[in-house]
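Okay, here's what each chain looks like letter by letter:
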Amino acid sequence: MIAAVKPRRARPISYARDLWARREFTWFLAVGRMKAQNASTVLGLVWWIVNPLLLGMIYLLVFGVVLQSARAQPDYLGYLLSGIFAFYYTRQAVNGAASSLLTSARMIANLRFPRLVLPLASLVEAAAGFLASLLVLILTVGLYGGHWPNAQFLLLVPAFLLQTMFNLGISGVVARLALPFRDLHNLVPYLMRLWLYLSPIIWPLSMLENAPEWAQQVLTANPMFSILGLYRMAFLGWPFELQTLLTAAAWSVGSVLVGVWVFVRAEDKMARYL
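Residues numbered from 1 in each chain as written. Predicted model: local features only at pLDDT ≥ 70, side-chain atom pairs only at ≥ 80, totals over all residues. Heavy atoms only, no water.

**A look at the packing of helix 4 (residues 76–100) against helix 7 (residues 156–178)**
Next up, step 1: Helix 7 packs onto helix 4 with a crossing angle of 30 degrees between their chain directions and a minimal axis gap of 8 Å. When the interaxial angle is binned, helix 4 and helix 7 end up roughly parallel. Handedness of the helix 4/helix 7 crossing: right-handed. Residues A86, Y89, T90, A93, V94, A97, A98 and S100 of helix 4 form the contact with helix 7, whose participating residues are F160, Q163, T164, N167, I170, S171, V174, A175 and A178.
Next up, step 2: Residues that form the contact of helix 4 with helix 7 fall into these classes: 11 nonpolar, six polar and no charged. (Axes fitted to C-alpha atoms, helices over the stretch in contact; angles between N-to-C directions. Helix = DSSP H or I, 4+ residues; strand = E, 2+ residues; numbered from the N terminus. Parallel < 35°, antiparallel > 145°, perpendicular 65-115°, else oblique. Left-handed = near helix turned anticlockwise from the far one by under 90°. Contact = heavy atoms within 4.5 Å. Nonpolar A, V, L, I, M, F, W, Y, C, P; charged D, E, K, R; others polar.)

**Digging into the layout of surface pockets**
Next up, step 1: The space that makes up the largest pocket amounts to roughly 520 Å³.
Next up, step 2: Y15, A16, L19, L116 and V260 are, among the 21 residues lining the largest pocket, the residues nearest its centre.
Next up, step 3: Elements with a contribution of two residues or more to the lining of the largest pocket: helix 1 (12–21), helix 2 (23–38), helix 6 (117–145) and helix 11 (242–265).
Next up, step 4: A per-element tally of the lining of the largest pocket places helix 11 first, with six residues.
Next up, step 5: The residue inventory of the lining of the largest pocket, partitioned by class, reads 16 nonpolar, one polar and four charged. (1 Å grid on protein atoms, 1.4 Å probe; cavity = no way out; pocket = protein on both sides within 12 Å on 5 of 7 lines; lining within 4 Å. Points joined across faces, edges and corners; volume = space filled by probe spheres on them.)

**Topic: helix 4**
Next up, step 1: The end-to-end C-alpha distance of helix 4 is 36 Å, a good match for the 36 Å that 25 residues give at a rise of 1.5 Å each.
Next up, step 2: In terms of residue burial, helix 4 counts as a mostly covered element, since 23 of its 25 residues are buried. (Expected span 1.5 Å × (residues − 1). Buried < 20%, exposed > 50% of the residue type's maximum accessible area, 1.4 Å probe, protein only.)

**Comments concerning the nonpolar core**
Next up, step 1: Core analysis: the biggest nonpolar cluster contains 50 residues, and I201, Y231 and F235 have the highest contact counts within it.
Next up, step 2: Secondary-structure elements contributing two or more residues to this core are helix 4, helix 6, helix 7, helix 8 (184–198), helix 10 (223–236) and helix 11.
Next up, step 3: Sort the elements by how many residues they give to this core and helix 4 lands first, with 13 residues.
Next up, step 4: I201 has contacts with Y79, L80, G83, I84, F87, L196, L228 and R232, leaving out every residue within four places of it along the chain.
Next up, step 5: One finds Y15, L101, L116 and M270 within the second-largest nonpolar core, a separate group that totals 17 residues. (Core = buried A, V, L, I, M, F, W, Y, C linked by side-chain atoms within 4.5 Å.)

Structure follows, in structure tokens:
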């Protein structure tokens, strides 16, 4: 029986250097997972674009047409798709992180490397798919809503960077908990669906006007509320709000600091759960 190799707990700067030194390894893992997940399908990696687009069309039919949500939200198609595509990025990163350690048990047991590489590879995979899908989203909001790229599209840069930081933090916590609590891997998709329904994606913002004060506070405290607001400023030309940017930044910085700390702190204990 091969003895597990326990990683040595390093200082933050040393750990960051260790991660950077293994950037090619992280990219290799991310590309390998992308190819493996879509190797048996006809469309292959195109599913990274098709999946959120199909989800958007289904929600448009159910909520925009049947339940008439489109009447309460101007440019509902752009509003819906900008939310769906951005949320899909977070969902894919978190879902990948939930299984990233369990599917790499042999590497964890036999190799010494910063374990954060594994959920980070899932994040890189999700980020690559999201960036590839942005072209479809830009064309859609341009053709159907007339919102073509302008100076305000530069807000996509901080929106993407802040969401990526936020995703890394959430992924670190989920990956850490999924190792000792194996059922979390099956529970995460349901939690993500609940999170989607609580986020301003399907339902119009006008719904908040008639909601109780406690419900407004809960819904606006959702970190996705401010992150999605940044994307809609960019894609739909919403007026820039500094408060939205600062709130998204606070959530992202707090998430990545807590998530990475929780994950790294438990690295030397991970092998015992394999």
